[in-house]
Amino acid sequence: MVSSLVSSTPRYRVYLLSLVLGLCLLPSSWSQVSTTGTITGVVTDPSGANVPNATVDVKSPALMSKRSDLTQGDGSYLFDLLPPGAYEVTISAKGFRELDEIGVVITAGFTATVNAKLQLGEIAQTVVVQGQPVVDLQNVQTSTTFDQTLLQNIPSGRDPWSTVEQMPGTTSTTFDVAGNNSYQQSLMQVHGSTPGEQIYSFNGLDLNWPGLNGGYTQFYTNHDSFDEFQVVADNAPASVPIGGIYMNMVTKSGSNQLHGQATLYYLTAGVQARDKFPTYQGQPAKSGSPFDMTRDITASLGGPILRDRWRLFGSYRRYDLRQRILSVTDQAGNPVVDVNHQSNTDLRSDWQINSKNKFSFIWLYNEQNRFFRRDTKYAFVTQDASWRQIQPAYILQGLWTSQITNNFLLDFRVGWSKLLFPLRYQPGLTSSALNLQDVAANAETGAAPDQFENPAWVLKWSAGGSWYKGDLYGSHNFQFGFEWGKSYNAYIYKVNQGINAIFDSGSGHQPFTVPSQVLAYNTPTTQKNYFRDTSFYVQDAWTLKHRLTLNLGLRYDNFYTYYPAQKSDPNETFPQLFPITPYPPSGHLVDWNTVSPRIGLAFDVTGKGDSVVRFSYGRYYIMQGTGLAETVNPVGLFGKYYAWDDFNGDRIPQQNEWLPQGAKTDPVNAFGGSSTHINPNMSRPYSDQLSAGYEKLIWRDLRVGATYYYRTKKNLFGLENTAVQPSDYVPVSGFTNPLTNQPLTLYSFRPSDLKKYGAFSFVVTNIPQLDDNAYHGVEFTAVKRLSHRWQVLGGFTIQRQKGVYSRGYADQGYSDNFTDPNLDINRKNNYLNLDATYVFKVDSTYQLPWRFSSSVNFQHYTGYPLQPTETFAVLDGEPTPKPVNESVILQPAGVLRLPSVNMLNLRLSRDFVHDRWHLIPTVDFFNTTNAQTVIGEVSTFGSSYLYPFNTINPFVTRFGLRLTF
């Protein structure tokens, strides 16, 4: 698929794969982000002296059995691998009163510091303390944990993307209204990370699809099956491979008491405000995708099979969504309908083999059906040009954890996942149905550009450990881990008639009336790609003087990718253009060995556990999938563009109009396959991150913080055409920038060596000029768990990300030719990616009298940068010049921006209680101000320039009913 990204018609297929059948104890995951938390502390006597050999017990409904330990010589203790939940910590020692601290809340990745000053007296006398540590005094990572109160009480789209959108500082390619984007996953970034550098981790296991950069998921989730949803964004420890968005979804489990939940959410067009269309050239511009209907039903049940030994949990979801795509109509003038269906089945079994060993097994199944999928580069795609996606996916997980001693634990896992992802032509279309694309009108019709299938699988296994040692120049929490994986990703393509017809109907012309080019493919074709990754890390949280913690980590990664021996399909449509050829195996296209330091410092400012200063530095190598192998695979999707002279004016390309028989016709452009290679000395891209922050508990359990973030990326790569040199391009005047009305110098390809005409030899290599980039941001946060009737999660971010622009995917220039000087015009000084100068977010719940409750979800974003471009026809070649289309940046991104976005969502609910049973009807008001803001405009100069093709959905009311026990 990435080979298609090298063309001027990139298509971002958002699908993915599952990872893992394995041995995996749900409480832990050292090779990834932890799904568990930690309780640690120091026990002292009234004088402040350390108390060794005190007995410390922790218990919780989340544990199958109580955990106990003795304090070490310096009075310290630590309990690792604690599942999320509320804990009771009991501390006793001879000659002292027993201390019992209750209400200690543990979330994934959180370290609760429970220091105890014992009072003199008899053990039978107990001092009860109620409260909870809320400031993490040891970790430096930037993370947000969405617990059950946030997941269930905040009005959202009930999917991973609308959940991450609530995290301070994050930006996304979509803006959710009641789940209107649940069926199209989003690219996300935070604090200058690479868009699409995101890991979907289920119970601590990376379950990403292996294609492209490896940053998508194939598995659409059951929102009500999660106990917690943790997002790690910056300053991640050595156990985390990336510096982007790491989503760690912790599945619910059974308990000693039968418990369950059933939910229903429903809305229709009847409770939705009318569309308010923006105007374009004095006329209403029909844009947006309002609802026809959504219905979301879930049911779950968990409980014991054998009390304190064997627990089961199961959940089911059925989600239906119908939307109208207003910008695209059928022949009768009615908006086309986008019909989607999702179902999930989730099962989990936890078995406490004995007091030291636990085994868990998880099976997750998802069926994702998208009947009219539109995600080509074009804004206006008719129903017959959409894809039909009928896709099942499954995940198997398991984990075994063994407690060798109270302070030494081991973890072993293996995982397997498999997927077949299809994008097929619509039913009823014949093999003669032709795909038509209009570059200027930004439209596509006739048939989908191709028919596609993606079989893929992932095999992984890992081992890890944790060891705690106190009284060794301070206390140490050592962790180590190893992981090995092999991933396979294949693409199978078929194109009707082997071609797409391309039009360029500019100003004054109706769409699909001005023929331009024919894109010929080497289909049918099957491409196979592999990568292997191996990693090892060590990490120590070293606490000195009970107040200063040094987080010292080092990570080693090996990554290599390759394709096997293959040959092109003997049934190709155009064997004269793409000779049928066998190809040997590639060997290691890249073989990267990298080492990443991770260093952090956390200091308890007052010694009271109510404030902390944090500093952090880390290097994060940018994640990779099979994308590089896909780009150079000789039997990948390979295309050649030919000039199209529509002699008979029927707007249907006959072969003699673009490929005359017996005549030598050179392509005007090409992409993919055998014209692209990889520089064997290319280095792996990475980002360096720095941060400094302060967090303070200011009132009860309300804490506020301020953090500065810096990030820069290096070794980014792009394409160079080594068959030619920049000097082969000659400056050409006579062009005008239509935005500034200033003269524009373009470049015509006119080499002195005539053999260079039509020569393409692209090399993927590091591009030094892309090292010019930087992110600076300051973020203010306020966080409070639900207590005393209210909670809040809020953040205000001021940021800027600027640098040299790269065409392509996820900051990698798969489709950017750095040899062509036309593509360097206005390349510098761009605002990059999803840059939003100001981001402000608030989630909050307040429990009103009489069991009523209200919640708010507010988000503000400065409008994202626009980058205007225009396609110019530049005459290339001697002695018979031919026009070649060159897409030129007219203005750096950020001079123009989309309008700023303000999203206000509200909820009102009432809890009806009878014993253990809770019946909670809810009413959600999405986009309460009905701000149907424009969030997408055509940036290609032409007849549709700045046409508003997408807006935020109108105000809508969603009704819900939740039953829990």
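What counts, and where the lines are drawn
- Residues numbered from 1 in each chain as written.
- Predicted model: local features only at pLDDT ≥ 70, side-chain atom pairs only at ≥ 80, totals over all residues.
- Heavy atoms only, no water.
- Helix = DSSP H or I, 4+ residues; strand = E, 2+ residues; numbered from the N terminus.
- Buried < 20%, exposed > 50% of the residue type's maximum accessible area, 1.4 Å probe, protein only.
- Contact = heavy atoms within 4.5 Å.
- Lys, Arg positive; Asp, Glu negative; His and termini not counted.
- Charge placed at Lys NZ, Arg CZ, Asp CG, Glu CD.
- Patch = residues over 30% accessible without salt bridge, like charges linked within 9 Å, V, L, I, M, F, W, Y side chains within 5 Å.
- Areas by Shrake-Rupley, 256 points an atom, 1.4 Å probe, with all protein chains shown as cover.
- Salt bridge = Lys/Arg side-chain N within 4 Å of Asp/Glu carboxyl O.
- Polar contact = N/O pair within 3.5 Å; in protein donor to acceptor, adjacent residues only side chain to side chain.
- pLDDT = per-residue confidence, 0-100.
- Pairing = 2+ DSSP bridges.
- Axes fitted to C-alpha atoms, helices over the stretch in contact; angles between N-to-C directions.
- Core = buried A, V, L, I, M, F, W, Y, C linked by side-chain atoms within 4.5 Å.
- Phe/Tyr/Trp six-rings, centres within 6.5 Å; stacked < 30°, edge-to-face > 60°.

Q: Can you help me understand the overall build of the chain in this one?
A: Regarding its fold elements, the chain presents 5 helices and 62 strands. In terms of overall dimensions, the chain has a C-alpha envelope of 105 × 60 × 50 Å along the principal axes. Within the chain, buried positions represent 61% of all 965 residues. Of all intrachain contacts in the chain linking residues separated by at least 6 positions in sequence, the fraction that spans at least 24 positions is 74%. Looking at charge distribution, the chain has the averaged site of its 76 positive side-chain charges lying 4 Å from that of its 78 negative ones.

Q: What am I meant to see in a nonpolar patch on the surface here?
A: A surface patch of nonpolar side chains, amounting to about 490 Å² of accessible area, comprises L264, Y266, I297, F912, L919 and L961. Residue classification places Y266 among the partly exposed residues on the basis of a relative accessible area of 36%.

Q: Looking at this structure, how should I read the side chain of N454?
A: Mapped onto the fold, N454 is located in strand β29 (residues 451-469). According to the relative accessible area criterion, N454 is buried, its value standing at 0%. A distance of 2.8 Å separates the side chain of N454 from the backbone oxygen of A490, its partner in a polar contact.

Q: How should I be thinking about the confidence of the model for the chain in this particular structure?
A: Detailed reading of predicted coordinates is not advised where the pLDDT is low. Residues with a pLDDT of 70 or more make up 93% of the chain, whose mean pLDDT is 90. Residue range residues 1-32 is modelled with pLDDT below 50. Its contacts to residues more than four positions away, or to other chains, number 209 contacts.

Q: Whenever I open this one, the sheet that holds strand β16 (residues 245-251) confuses me. Can you help?
A: Two modes of strand pairing occur in sheets, parallel and antiparallel, and in both the strands are linked by backbone hydrogen bonds. The strand order β10-β15-β16-β13-β14 describes an open sheet built from 5 strands, whose pairing is mixed. For this open sheet the edge positions go to β10 (142-146) and β14 (205-206), each flanked by a neighbour on one side alone. Two strands pair when backbone bridges link them, and strand β13 (residues 198-202) and β16 are joined in this way by 5 bridges, in the parallel orientation. In the sheet register, Q198 faces β16, and the bridge partner there is I245.

Q: Would you mind going over unusual backbone geometry with me for this structure?
A: Note: most peptide bonds trans; most residues except glycine with negative phi. Each neighbour pair has its own omega, and for T523 with P524 the value is 0°, a cis peptide bond. The residue P524 is located in the loop between β32 (515-521) and β33 (525-544) in this model. Residue L212 is not a glycine yet carries a positive backbone phi of 50°. Topologically, L212 is positioned in the loop between β14 and β15 (226-234). Overall, L212 belongs to the buried group, its relative accessible area being 1%. Notably, L946 is not glycine yet its phi reads approximately 65°, a positive angle.

Q: So what exactly am I meant to see when it comes to the sheet that holds strand β41 (residues 676-678) here?
A: Sheet architecture is open: 3 strands sit in the order β41-β47-β44, paired in mixed fashion. For this open sheet the edge positions go to β41 and β44 (717-721), each flanked by a neighbour on one side alone. On average, each strand axis in the sheet is tilted by 35° relative to the strand beside it, whichever way the strands run. Where β44 and strand β47 (residues 762-766) come together, 5 bridges link them in antiparallel fashion. From the neighbouring strand, N721 faces β47, where its bridge partner is F762.

Q: Can you walk me through the nonpolar core in this structure?
A: The tendency in soluble globular proteins is for nonpolar side chains to be buried as a group. Among the nonpolar cores identified, the biggest contains 52 residues, and F146, F202, F229 and M247 are the most heavily contacted of them. Sort the elements by how many residues they give to this core and β15 lands first, with 4 residues.

Q: I'm lost on the side chain of S343 in this one. Help?
A: Tracing the backbone through its elements, the reader meets S343 in strand β22 (residues 335-354). The buried category is assigned to S343, whose relative accessible area is 11%. Setting aside residues up to four positions removed in sequence, S343 forms contacts with Y316, R317, R318, Y365, N366 and E367.

Q: Sorry, what's going on with the packing of aromatic side chains here?
A: As enumerated under the stated definition, the model contains 43 aromatic pairs in all. Ring geometry for Y491 and Y493: centres 6.3 Å apart, planes at 55°, overall tilted. The same class applies to Y491 as to Y493, namely buried. Counting every residue linked through ring pairs, the aromatic cluster contains W416, W457, Y488, Y530, Y560 and Y562.

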